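Architecture and fold: a report
These are the residues of each chain, in order.
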Amino acid sequence: MQKRAVFGHRLLPYLLLAPQIAVTLVFFYWPASQAVWQSFLLQDAFGLSTRFVWFENYRALFSDPAYYNTIVVTFVFSAAVSALSLSIALLLAVMADKPLRGATAYRTLLIWPYAVAPAVAGVLWIFMFQPSLGILARGLRTLGVDWNPLLDGTHAMILVIMAAAWKQISYNFLFFLAGLQAIPKSVIEAAAIDGARPVRRFWTIVFPLLSPTTFFLLVVNIVYAFFDTFGIIDAMTGGGPSKATETLVYKVYQDGRLGGDLGGSAAQSVILMVIVIALTAVQFRYIERRVTY
Amino acid sequence: MAGVTFREVRKIYAGGIEAVKGVSFAVPDGAFCVLVGPSGCGKSTLLRMVAGVETVTAGEIRIGERVVNDIEPAERDIAMVFQNYALYPHMTVYNNMAYGLRNRGVPKPEIDRLVREAARILEITELLKRKPRELSGGQRQRVAMGRAIVRQPKAFLFDEPLSNLDAKLRVSMRVEIKKLQRQFGTTSIYVTHDQLEAMTLADMLVVMNAGRIEQIGAPLEVYERPATTFVATFIGAPPMNLLRLAAAELSGLLGASAAVPPEGGILGVRPEDLVLAPAGARSDGGLALPLTVETVERVGPESFVYGRLARGGDVIVRIPGAAAPSFGEQAVAIAPRHKLHVFSADGSRRINS
Ligand SMILES: Nc1ncnc2c1ncn2[C@@H]1O[C@H](COP(=O)(O)OP(=O)(O)OP(=O)(O)O)[C@@H](O)[C@H]1O
Ligand SMILES: [Mg+2]
């Protein structure tokens, strides 16, 4: 159902929209256009002169093997974070959907991680997996794993993936739970009577009916892994060791802020911007055409 | 195929609500059993326990010889038609019907044959490629029926399958369900609170009230000899008239031979068994109730006269045609003795035969 407000004055709606538009202009369009402009510029090493170089920054970027390495790292990281957080959240939601005693407490506990700030989450995981002191790291040692995320790139990657996924589980869980509860109980019962045991029921009925939710969450999680994990990576590994955990967003920061390559950094931001716009477009298109059963 | 037997079946829900309070009866193999009763009396609960989607708190349910209390719904080999049809929204009609067969590992050509056969019987062949959301309510109902018959299960369970249809469709589907059940000879348990459905479909009518069985019998038997005042007023429309009578009045009416309890009892007489006579008329040996006409409902082939009794209380008389008395007229409602029903004072027991 659509609600239609009636305004007394023709200007009033624009006036009411003005603050929102102003905020968007100042905090999004302005910096975005700055980034685009910046990406066409090249500064000398001392920041004394600036030259307009067209696509030189982009060309440099795509001929740099380090950039491809970062793309691979980002891809692996995002895929792993999304897969891990989605599957664990789905598993937990399926368990929480059953009418159990203490289900409310269980659900509340599951929502907590979402309220933890990314950097804090990172620090928490660092403590647990700190090679010499962390409880879990020591556990791994006793199992014969030479755990050292400070030196081993794969270990570092696993660590940031786990921390980032853990943070996102709550969000996914809530959506999955809502999605599960929207499936009519009688449909599941009909499937049970039709001879489908729980596992088969899940894959043939529940999972397909959940697919709109899953797709929505997949996009959200990819965007999260691309952009919102900056704090976790910064707190835990700083992109290291030797760039093993440097994602695209982290590289923007690394090159621009620390490396002083403003033009290259801006070019990277523009590429990221294009990626996020593409993801959002896919999302919107899908939601618009989304089948409602 | 198999009969279904209930032995002292109870259901207490998690909240402590006792929905079914010890129910025992047997539905013979191939019979069409209809469960009726007012809303909340536990009909659906009982049916869902047979299906296995609700646990049995105590007692025993058997399908055929097998006790099914702890058996998964998947292994009970029954089919259920839900009130909201519960079709699988993401599957075509064909797949909705094929789903149960696939789960049981029926070979593909056989599935195809069975689905097409069921679709032909229900005249939904041209709908096989559609999704449930592209169907009308009546068509969905047919698909739900198709999903049930395609598997040729041991028993059909229906939970108010027609209540979402319009009146006309309901009548034709009712006839069709009865026809299908005869054709397949499958034991069926059907829940409804529509009397007409109950009376026309049932071989065996089970009247429930507040988690207990009030009466079991053939529909006409229940209509003609209701076991309690609850059944008497629940079956039949408009409901049976009930009058509280003292012991002396009762034995006067029934004759000295009848065993009348000292605290008196409740007299029942159906509106259709009463005849309106002019004021002052008497009934030889039967019931004669002087009344003043209050309202008349004319529905065409018959009319319902609502009267206020001279002795206190109300009465409904059903008369043929539209030639009914008008408001304020005095009349006498008369019924022969063999049309009277007598119940114990608390209404829990029938006294006369
Ligand atoms: N899942 C449940 N949890 C707790 N109580 C329930 C549950 N389902 C039903 N009840 C209660 O059990 C009683 C019987 O319910 P049931 O659904 O069997 O009634 P019904 O005879 O089918 O009624 P209707 O004709 O309205 O469908 C009701 O009092 C109902 O409130
Ligand atoms: Mg019900």
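Residues numbered from 1 in each chain as written. Chains lettered and ligands numbered in written order. Predicted model: local features only at pLDDT ≥ 70, side-chain atom pairs only at ≥ 80, totals over all residues. Heavy atoms only, no water.

Of the regular secondary structure elements, chain A holds 12 helices and two strands. Secondary structure elements of chain A occur, N-terminal to C-terminal, as α-β-β-α-α-α-α-α-α-α-α-α-α-α. The buried share of chain A, taken over its 293 residues, is 39%. In chain A, of all internal contacts separated by at least 6 residues, the share reaching a separation of at least 24 is 66%. Summed over all atoms, the accessible surface of chain A reaches about 17,100 Å², with 70% contributed by carbon and sulfur. (Helix = DSSP H or I, 4+ residues; strand = E, 2+ residues; numbered from the N terminus. Buried < 20%, exposed > 50% of the residue type's maximum accessible area, 1.4 Å probe, protein only. Contact = heavy atoms within 4.5 Å. Areas by Shrake-Rupley, 256 points an atom, 1.4 Å probe, with all protein chains shown as cover.)

Bringing the nonpolar core into the picture now. Phe-6, Phe-25, Val-27, Leu-46 and Ile-61 of chain B are the most contacted members of the largest nonpolar core, which has 63 residues in total. Here this core gets seven residues from one element, more than from any other, and that element is helix H9 (residues 198-228) of chain A. Ignoring any residue separated from it by four or fewer positions in sequence, one finds Leu-46 of chain B in contact with Phe-6, Val-9, Val-20, Val-23, Phe-25, Leu-35 and Met-208 of chain B. Grouped together as the second largest cluster of nonpolar side chains are 47 residues, Val-81, Leu-180, Tyr-190 and Phe-230 of chain B included. (Core = buried A, V, L, I, M, F, W, Y, C linked by side-chain atoms within 4.5 Å.)

A few words on the site of ligand 1. All names here are of chain B. The immediate surroundings of ligand 1 are formed by Tyr-13, Ile-17, Ala-19, Ser-39, Gly-40, Cys-41, Gly-42, Lys-43, Ser-44, Thr-45, Glu-160 and His-193. Between ligand 1 and the protein, one listed contact pairs an oxygen atom with a side-chain N or O atom of Ser-44 at 2.5 Å. A distance of 3.4 Å is found between an oxygen atom of ligand 1 and a side-chain nitrogen or oxygen belonging to Glu-160. With the chains in place, 62% of the 640 Å² that ligand 1 exposes on its own is no longer accessible. Sort the elements by how many residues they give to the shell around ligand 1 and helix H1 (residues 43-51) lands first, with three residues. Each residue belonging to the shell around ligand 1 can be placed in one class, and the counts come to four nonpolar, six polar and two charged. (Near = heavy atom within 4 Å. Polar contact = N/O pair within 3.5 Å; in protein donor to acceptor, adjacent residues only side chain to side chain. Nonpolar A, V, L, I, M, F, W, Y, C, P; charged D, E, K, R; others polar.)

So, about the environment of Tyr-250 of chain A. Residue and element names in this part refer to chain A. Mapped onto the elements, Tyr-250 comes out in helix H11 (residues 248-258). The spatial distance from the C-alpha of Tyr-250 to the C-alpha of Phe-216 is 25 Å, given a sequence separation of 34 residues. Those residues in contact with Tyr-250 that sit more than four places away from it in its chain are Phe-230, Ile-233, Asp-234, Gly-238 and Gly-239.

Of the residues in chain B, 99% have a pLDDT of 70 or more, and the chain-wide mean is 90. For this predicted complex, the interface confidence comes out at an ipTM of 0.84, alongside a pTM of 0.80. (pLDDT = per-residue confidence, 0-100.)

What follows covers the domain arrangement of chain B. All names here are of chain B. What the domain assignment reports for chain B is domain 1 (4-233) and domain 2 (240-343). The straight-line distance from the C-alpha centre of domain 1 to that of domain 2 is 39 Å. Each partner contributes to the interface: domain 1 provides nine residues, whereas domain 2 provides seven residues. Carbon and sulfur atoms make up 62% of the surface buried where domain 1 meets domain 2, a total of about 660 Å² over both sides. Interface area lost by domain 1 to domain 2 is led by Tyr-223, Thr-229 and Ala-232, which between them contribute 64%. For the interface between domain 1 and domain 2, the tally reads zero salt bridges. Applying the counting rule to domain 1 against domain 2 returns two residue pairs in polar contact (both at pLDDT 80 or more). Listing elements by their share of the side of domain 1 that touches domain 2, those giving two or more residues are helix H7 (219-224) and helix H8 (229-234). (Domains from an automatic or database assignment. Buried area = accessible area lost by both parts, 1.4 Å probe. Salt bridge = Lys/Arg side-chain N within 4 Å of Asp/Glu carboxyl O.)

Residues and elements named next belong to chain B. By the secondary structure assignment, Glu-60 is in strand E4 (residues 58-63). Look at Glu-60 and you get buried, because its relative accessible area is 17%. Glu-60 sits 10 residues away from Asp-70 along the chain, and the two C-alpha atoms are 9.8 Å apart. Not counting the four nearest positions on each side in its chain, Glu-60 is found in contact with Thr-5, Phe-6, Arg-7, Val-9, Val-67 and Asn-69. One polar contact links Glu-60 to Arg-62, side chain to side chain, over a distance of 3.0 Å.

Our focus in this paragraph is the environment of Leu-218 of chain A. Topologically, Leu-218 of chain A is positioned in helix H9. Distance in space between the C-alpha atoms of Leu-218 of chain A and Gln-283 of chain A is 9.7 Å, their sequence separation being 65 residues.

With 27 residues of chain B at the contact, the number on the chain A side is 22 residues. Counting the surface lost from both chain B and chain A, the interface buries some 1,900 Å², and carbon and sulfur atoms represent 57% of this. When the buried area of chain B at its contact with chain A is split by residue, His-90, Tyr-99 and Asn-103 of chain B rank highest and sum to 26% of it. Glu-189 of chain A is the salt-bridge partner of Arg-48 of chain B, the closest N and O atoms lying 2.8 Å from each other. At the surface where chain B touches chain A, the tally comes to 13 residue pairs in polar contact (both at pLDDT 80 or more). At the level of elements, H1, strand E6 (78-81) and helix H2 (93-103) of chain B are the ones that each hand at least two residues to the side of chain B that touches chain A. Broken down by element, the residue count for the side of chain B that touches chain A peaks at five residues, all from H2 of chain B. In the side of chain B that touches chain A, the residues fall into 14 nonpolar, five polar and eight charged.

Now for the pairing of strand E2 (residues 18-27) of chain B. Residues and elements named next belong to chain B. Bridge count for strand E1 (residues 4-12) against E2 is seven bridges, and the pairing is antiparallel. Directly across from Val-9, in E2, lies its bridge partner Val-23. Between the antiparallel neighbours E1 and E2 lie five residues, among them Gly-16 with a positive phi of about 95 degrees. (Pairing = 2+ DSSP bridges.)

Quick look at the side chain of Ser-170 of chain A now. Topologically, Ser-170 of chain A is positioned in helix H7 (residues 153-181). For Ser-170 of chain A, the residues in contact, after removing those within four places along its chain, are Leu-110, Ile-111, Trp-112, Pro-113 and Tyr-114 of chain A.

All names here are of chain B. Summed over all chains, the structure comprises 16 aromatic pairs over all chains. Arranged with centres 5.5 Å apart and planes meeting at 10 degrees, the rings of Phe-230 and Phe-234 form a pair that is stacked. Remark: Phe-234 and Phe-230 occur in helix H8; sequence separation between them is four residues, near one turn of the helix. By the burial criterion, Phe-230 is buried, and Phe-234 matches it. Ring pairing ties together the aromatic residues Phe-32, Phe-156, Phe-158 and Tyr-190, which thus form one cluster. When the ring centre of Tyr-88 is taken as reference, the NZ or CZ atom of Arg-147 above it lies at 4.6 Å. (Phe/Tyr/Trp six-rings, centres within 6.5 Å; stacked < 30°, edge-to-face > 60°. Lys NZ or Arg CZ within 6 Å of the ring centre and 35° of its normal.)

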